[in-house]
Each structure stands twice: as C-alpha cells, then as structure tokens.
Amino acid sequence: MTGRNFLKGAFILSFAGVLIKLMGAVYRIPLARLIGGEGMGLYQMAYPVYTMILALSTAGIPVAISLLVSEKEALGDFRGARRVFLVSLVMLALVGLAFTLLLFFNSYWLASHVLYDERAFYPLIAICPAIFITAVSSAFRGYFQGNQTMVPTAISQVFEQLFRVLTVLVMAYFLLSYGVEFAAAGATFGAVTGSVASLIVLLIFYMLFSWRGRGKADRASSKGEPFASLLGRIIIIAVPLSLGGLVMPIMQVIDATIVPLRLQAAGHSMARATELFGQFSGMANTLINLPTIVTISLAVSLVPAISEAMAKKRPAQVKSLIDAAIWVTVLLCLPSAVGLWLLSTPIARFLYGIPEVGLSIAVLAPTTLLLGLYQATSGALQGTGKTYLPVKNLLIGVMLKGTLNYYLVGLPSLGIKGAGIATLVGFTVALLLNYRDVKKHMGFSLSWYKSIFTPMIGTAVMSFLVIRVYYAVVNSFGNSAAVLLSIAVGGLSYLLVILLLGGIKVKDLELIPGVGAKFSKLLQKFKIVRR
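Summary of the structure given here. (Residues numbered from 1 in each chain as written. Predicted model: local features only at pLDDT ≥ 70, side-chain atom pairs only at ≥ 80, totals over all residues. Heavy atoms only, no water.)

### Some details on the pattern of salt bridges
Here is step 1: Counted by the stated rule, this structure contains seven salt bridges.
Here is step 2: A salt bridge links Arg164 to Glu160; the shortest N-O distance between them is 3.3 Å. Here Arg164 pairs with Glu160, and both are found in helix α6 (residues 151-175), just four residues apart, close to one helical turn.
Here is step 3: Residue Arg164 is classed as buried on the basis of its relative accessible area, which comes to 10%.
Here is step 4: Ionic contacts of the salt-bridge type, sharing partners, join the residues Glu38, Asp117 and Arg119 into one network. (Salt bridge = Lys/Arg side-chain N within 4 Å of Asp/Glu carboxyl O. Helix = DSSP H or I, 4+ residues; strand = E, 2+ residues; numbered from the N terminus. Buried < 20%, exposed > 50% of the residue type's maximum accessible area, 1.4 Å probe, protein only.)

### Topic: a nonpolar patch on the surface
Here is step 1: On the surface, Val151, Ile155, Phe159, Leu162, Phe163 and Leu166 cluster together into a nonpolar patch covering about 470 Å² of accessible area.
Here is step 2: By secondary structure assignment, the location of Ile155 is in helix α6. (Patch = residues over 30% accessible without salt bridge, like charges linked within 9 Å, V, L, I, M, F, W, Y side chains within 5 Å. Areas by Shrake-Rupley, 256 points an atom, 1.4 Å probe, with all protein chains shown as cover.)

### Description of the packing of aromatic side chains
Here is step 1: Within the structure shown, the criterion is met by 13 aromatic pairs.
Here is step 2: Ring geometry for Phe85 against Tyr143: centres 4.9 Å apart, planes inclined by 35 degrees, an arrangement best described as tilted. Here Phe85 is found in helix α3 (residues 78-113), whereas its partner Tyr143 is found in helix α5 (residues 129-146), with 58 residues between them in sequence. Considered together, Phe85 and Tyr143 belong to a single accessibility category, that of buried residues.
Here is step 3: Judged by centre distance (5.3 Å) and plane angle (85 degrees), the ring pair of Tyr173 and Phe174 falls under edge-to-face.
Here is step 4: For Tyr173, a relative accessible area of 55% gives the class exposed.
Here is step 5: Within the aromatic cluster, the residues linked to one another by ring pairs are Phe85, Phe140, Tyr143, Phe144 and Tyr206.
Here is step 6: For the cation-ring pair, Arg262 lies above Tyr406, with the distance from its terminal atom to the ring centre recorded as 4.1 Å. (Phe/Tyr/Trp six-rings, centres within 6.5 Å; stacked < 30°, edge-to-face > 60°. Lys NZ or Arg CZ within 6 Å of the ring centre and 35° of its normal.)

### Observations concerning helix α2 (residues 60-74)
Here is step 1: Taking 1.5 Å of rise per residue, the 15 residues of α2 would be expected to cover 21 Å, and the 21 Å separating its terminal C-alpha atoms lies within 8% of that figure.
Here is step 2: Counting buried residues in α2 gives 13 out of 15 residues, a clear majority hidden from the surface. (Expected span 1.5 Å × (residues − 1).)

### A look at the packing of helix α10 (residues 270-288) against helix α17 (residues 416-442)
Here is step 1: Viewed as axis vectors pointing N to C, α10 and α17 meet at an angle of 30 degrees, and their least axial separation amounts to 10 Å. Viewed along their axes, α10 and α17 form a crossing whose handedness is right-handed. Across the interface between the two elements, Leu276, Phe277 and Phe280 from α10 touch Ile416, Ala419, Gly420 and Thr423 from α17.
Here is step 2: A class-by-class count of the residues in the contact of α10 with α17 yields five nonpolar, two polar and no charged. (Axes fitted to C-alpha atoms, helices over the stretch in contact; angles between N-to-C directions. Left-handed = near helix turned anticlockwise from the far one by under 90°. Contact = heavy atoms within 4.5 Å. Nonpolar A, V, L, I, M, F, W, Y, C, P; charged D, E, K, R; others polar.)

### Some points on the side chain of Ser107
Here is step 1: Mapped onto the elements, Ser107 comes out in helix α3.
Here is step 2: Engagement of the side chain of Ser107 in a polar contact is seen with the backbone oxygen of Leu103, the distance being 2.7 Å.
Here is step 3: When residues no more than four places from it in sequence are discounted, the contact partners of Ser107 are Phe121, Leu124, Ile125 and Cys128. (Polar contact = N/O pair within 3.5 Å; in protein donor to acceptor, adjacent residues only side chain to side chain.)

### Some details on the layout of surface pockets
Here is step 1: The volume enclosed by the second largest pocket comes to roughly 300 Å³.
Here is step 2: Lining of the second largest pocket is provided by 15 residues; of these, Val330, Leu373, Leu431, Leu446 and Ile452 occupy positions nearest its centre.
Here is step 3: Only α12 (315-342), α15 (367-383), α17 and α18 (448-477) provide two or more residues apiece to the lining of the second largest pocket.
Here is step 4: Residue classes in the lining of the second largest pocket are distributed as 13 nonpolar, two polar and no charged. (1 Å grid on protein atoms, 1.4 Å probe; cavity = no way out; pocket = protein on both sides within 12 Å on 5 of 7 lines; lining within 4 Å. Points joined across faces, edges and corners; volume = space filled by probe spheres on them.)

### Digging into the environment of Phe182
Here is step 1: Looking at the element boundaries, Phe182 is found in helix α7 (residues 180-188).
Here is step 2: For Phe182, a relative accessible area of 28% corresponds to the partly exposed category.
Here is step 3: In this structure the C-alpha to C-alpha distance between Phe182 and Gly39, which are 143 residues apart in sequence, comes to 9.2 Å.
Here is step 4: Apart from residues no more than four positions distant in its own chain, Phe182 is found in contact with Tyr122 and Leu175.

### Comments concerning the environment of Arg141
Here is step 1: By the secondary structure assignment, Arg141 is in helix α5.
Here is step 2: For the pair Arg141 and Phe85, spaced 56 residues apart in sequence, the C-alpha separation works out to 9.9 Å.
Here is step 3: Sequence-distant contacts of Arg141, defined by excluding residues within four places in its chain, comprise Thr153, Ser156, Gln157, Glu160, Ser198 and Leu202.

### Digging into α7
Here is step 1: Burial analysis of α7 places eight of its nine residues in the buried class, the great majority of the element.
Here is step 2: Of the positions making up α7, those classed as buried are Val180, Glu181, Ala183, Ala184, Ala185, Gly186, Ala187 and Thr188.

### Description of the environment of Gly60
Here is step 1: Relative to the helices and strands, Gly60 is located in helix α2.
Here is step 2: Taking relative accessible area as the criterion, Gly60 reaches 0% and is therefore assigned buried.
Here is step 3: Measuring from C-alpha to C-alpha, the distance between Gly60 and Ile236 comes to 9.6 Å, with 176 residues separating the pair along the chain.

### Focus on the nonpolar core
Here is step 1: In terms of nonpolar packing, the biggest core is built from 105 residues, with Leu103 and Phe140 touching the most fellow members.
Here is step 2: When residues of this core are assigned to their parent elements, the largest contribution, 17 residues, is made by helix α1 (residues 3-58).
Here is step 3: Sequence-distant contacts of Leu103, that is, excluding residues within four places in its chain, are made with Val49, Ile53, Leu110, Leu124, Ile127, Cys128 and Ile131.
Here is step 4: With 32 residues, the next largest nonpolar core counts Val247, Ile306, Tyr374 and Ala376 among its residues. (Core = buried A, V, L, I, M, F, W, Y, C linked by side-chain atoms within 4.5 Å.)

Quick look at the structure:
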C-alpha cells in the first residue's frame, strides 16, 4: 500500500467517523438534557466496564488479524489469509461468549462493590449481549482491514451508530418515567442493537468479498501454516494489544470510582459529585475526542500498510507512511485543540446549556493533540510488530494520571479540573515515550516545516480571527450564532493559510475521493494551492 492509498483508506474511515460523531451528537446532547448530569453519570459508570471487558476479549485480535492477513496477502498467500480469519473468528466468538456470561452474572456485584451505586446494575445488565456480538464483528473488520479494504468497516460503523442513536433516544425517553437508572439502561442497550446491525452489514460484505476473490492466484504451498503455529502467532501479537486495550477502560473505571469520591472529599454532595463527573466524562470528553476520529482511522490504516511495507522490505516507505500520519494528525488536531480552548465556555453553553462544562473542556483541550499523536505513533509501532511498546508507554502515563487524579481532584481549589490536569500530564508522558521509540526503532525524523511550522502559523491566524469574530457578534446575535460564525471563519482562515504556505498541495487534495481533483483544480485556478 502506497502512502497515497493509505491516506485514502484513512479518509474513508474518517468520513464514516465524522458521520458517526455527528449522529453521536444527536443522542449525546439531547440525552444529557433528558436525563441530566446524574443520568449521564450512571451511563458513564457502566459504559467503561463494558469497554474494559470488550478490550480484554477483543482488542488485540483484530489488529493481529490485520497484521497477519496483510503480511500473507503481500506474499500472495491468500488461503493463509483466509485461515488467519477463520481461526480468529472462532477464538473471538468463544471468548466473547465467555465474557458476556461473566458480566451478566456479576453485574450487581460490580454496581454495588466497585461503582458504589446499585443503580448502575441496570445499565450493566442491559449492555451484556453487545460483548459477544461485537467480538464476532471485530473478526470481520480485522480481515477487511488486513486486505486494506476499509469500506466494509466504515459502512458497518455507520449502521451501528445509526441503530444505537435510535435505540438510545427512544428507550431513554420511554423509560425515564420509571427512574433515571432505567433511562440510563435504555441508553446503554443501544450498544446491543447497534452491534447487531453492524454484524449484518459485515456478513453481507464478507459474502460479496468471498465471491469476488475466488479467482485469486495463490502462491502459497498446499499445506499452509499449521494451526498451532498460526494460533500462537495470533496470541503473541494480540496479548500485548489486549492488555493495552485494557489500560484506558480500567482507568475509566477507576476514574468512575475515584473522581466522585474525591469530589465528595473536596466538599461536594454525592449527587453533585456524580453530576460533575457526568459533565467531565460524558460531556467534555465527548468534544475532546471528536477530532481523534481521523487519528483513529489513521492508526487503523497504518497498521496493515506498514506491515506490508515491512514484509516487502521497504524501510523508506515505512518512514513515509509515519510522516504522513503525523502530518495529518497535527494538521487537524492542533487547530481543534486551540479552538476548543478558546471557545470552551461558549461551546458548552451552546451544546449543553451548562456553561460550567467549559471549565473541563478548557483543561482537557490540549489532550486532543496529545491523544491524536499517541494514536498515530502507536499505529506505527504496531505495524512493525512492536505491539508491546505503546502498551508500556500508555501504562506509565495512565499510572501517573491515576496518582495525580487522586491528589488533585481532592483539592477544593481544583476539584473536577484536577482530573483534566491529570489526563493532560498522563498523555504527554505516553506520547513522548512513543515518539522516542518510533525514532529509535525506525530511524524516523519529522518533517518540521510541513508537519509543525505551517499548522502553527495557520492556528495563530485562526485564533486571532475566532476571538475577534466571537466578541464582535455575540452581543448582537447571541451565543449560538457567534459560536457557529467564529468556528466557520476560523476554519476557513486556517485552511487558506495552510494552502498558501504549501502545507497542503495538489497531490494531497486529490486523495479525497470524488471531489478532491475538482477542488484542487479550482484552487489552482486562483493560485491558492501549490503543486
């Protein structure tokens, strides 16, 4: 896969991710208004338990499938690629079923003894079936990604979110009259209906993909890799990734326990502590993670692309792929981070009607860039088979975050802002360690002008205009109009500066399917973009 094809794959996943996040806003914002901070707190208490178990049962295997399928496809071993998928599918189905039953029979104990709120039992029990269904779906996604075919994954994710949104809104609305805990349970059940829809889409694509691939010539030996050897390779790759996938959900569960308790220690009531945690985790974090749609897509596309380049012994292509991933990450996440920081309170008032959420957004804003770069560098390390390094680095960062969380949140002068500071410090450390490993093991050197200098200049111009526009119109047209107008002006000015400085060129615009070539010709006509 060339650097250009890799970015096209990432663009497809990113476009799907944008649709998913937009649909996510459709239910997150009305849901927050419907069930309030307390209901969101219950939702956020249960959901990390689900993601933690899902990470333990599935996280590493899809990436292992992607790596091994890409490697075998590059060598012409198409039967071996199919064998990787089938072995992984059986493994994921069995493990997913086991963990579904484990959560089902232990939901009440977790709610009462770990989350310290028995009402969390209802959201936990409602989400159980999604573990098994998602585990099976992840095998199909890993197989398609290993074939560097991102369309099935993208479409399945869109359908998953669509059915999730419909379920969340309908179930939360009708169950609210029975209590906020039942409304939160209805919201978490959206994961079940969404995963069913996703699996159906993936099955359809798999049948079509299998039918079209029948004529492929296979250069593999007739015997193929032994089952035990193949299973061992999957496990060796998957175990570090599964452990790494566990780190953040575990930290979220610890946050769900520590942060409300430490807020109470700082002088807040239980209800107020749950409300503040809901604002931080369910509202502010939602916005902070929005720009990472692209970086997650980059990481997913980067793994098989680098694996193929490594299999074909092309070190220059490996460095080019990493450079492209970091460039796109900084290009998008730097202005996003600064924009969220500048307009934190106006955005909180506009989206949630709760201006105090802006305090959490402002503290968390730099994490947008840090998390994006961590994901991009993790994809690079995983693609070279060094799957344990991002895990180790994230674990160090999260341990630091947890320690700071306990101390800072308990300070009355900081409170919930302490959780944001702890998150910021933790991801800074994880990113620096990741970047050190990328340089050490791949001899990578950053293209400073394209990846750092031009985004910084564009962001500086954008920041000046965003503030001027917002305060110029807010008194006349109100907060909502001022926020939308300032974001539009800031985005357009940033894009224009980047184009004029040569940060984006014709070949980059042509990567956008359908409209990229036409858009680049229009900009060339006005001498805005360089070749």
